[in-house]
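Each chain is listed here by its residues.
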Amino acid sequence: MQIITREVKDKPLTIIVEYPEYNDSVKGLVRKIRSLDYGFNASLDGRQLKVGLSDVYYIENVERKLFIYTEKEVYRLDSSMSEIESMTIDTGLVRISRTCIMNTDHLKEIRQVKNSHLEAVLDNDEMLIVSRKYLKDIKKVFQKG
């Protein structure tokens, strides 16, 4: 791999990815680059903040309210699960249950638990349950990673 950087005045940041073959590695790299520029408008203690996609560990629906969980904070999000899913196509976010979307970029391991469920362990040691309905999707993501 070759990395070339150069400063270009009066132009926005532009990233060009050249590759001999479009494969899973290239696709993953492009996804990670896109996620650096993506964020959610969330609130914490009455303040409006932008939470970057790379900071999100998971998003959970609790009593019809959405919360974004990062390494150290929990933010309130004014949106719906379906809106989040449609906005985050081709990112590391994957739905793992009716009430939870996980960022696979923070996925450390998957463990089999009873009743055909999987337990996803994040890199901050938080554990999330993957329901049967979403097993196929999360297994695909984990096998690629």
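As the structure is a prediction and not an experimental result, all values here were calculated from the model.

Thresholds applied
- Residues numbered from 1 in each chain as written.
- Predicted model: local features only at pLDDT ≥ 70, side-chain atom pairs only at ≥ 80, totals over all residues.
- Heavy atoms only, no water.
- Buried < 20%, exposed > 50% of the residue type's maximum accessible area, 1.4 Å probe, protein only.
- Helix = DSSP H or I, 4+ residues; strand = E, 2+ residues; numbered from the N terminus.
- Pairing = 2+ DSSP bridges.
- Core = buried A, V, L, I, M, F, W, Y, C linked by side-chain atoms within 4.5 Å.

Asks: So what's going on with the pairing of strand β5 (residues 74-77)? Residues and values would help.
Replies: Of the two faces of β5, only the one carrying Tyr 75 and Leu 77 is buried; Val 74 and Arg 76 on the other face are not. Here strand β1 (residues 39-44) pairs with β5 via 2 bridges, running antiparallel. Residue pairing across strands places Ser 43 opposite Arg 76, the latter belonging to β5. In this structure, strand β4 (residues 65-69) lies alongside β5, joined through 4 bridges in antiparallel fashion. When the sheet's bridge partners are listed, Leu 66 is paired in β5 with Leu 77.

Asks: Now, about the nonpolar core: what can you tell me, with residues and values included?
Replies: Counting residues in hydrophobic clusters, the biggest one holds 16 residues, and the most contacted among them are Tyr 58, Ile 96, Met 102, Leu 122, Leu 128, Val 130 and Ile 138. Sorting the residues of this core by element identifies β6 (93-97), β7 (100-103), β9 (117-122), β10 (127-130) and α3 (135-144) as the ones contributing at least two each. Counting residues per element, this core draws most heavily on β9, at 3 residues. Within the second largest apolar cluster, 15 residues are counted, among which are Val 51, Ile 68, Tyr 75 and Leu 93.

Asks: Describe the pairing of β4, with residues and values.
Replies: Bridge analysis of strand β3 (residues 58-62) against β4 gives 5 bridges, and the strand direction is antiparallel. Considered in β4, the bridge of Tyr 58 is made with Tyr 69. The antiparallel hairpin formed by β3 and β4 contains 2 residues in its connecting segment, where Glu 63 sits at a positive phi of about 50°. Between β4 and the antiparallel strand that follows it, β5, lie 4 residues.

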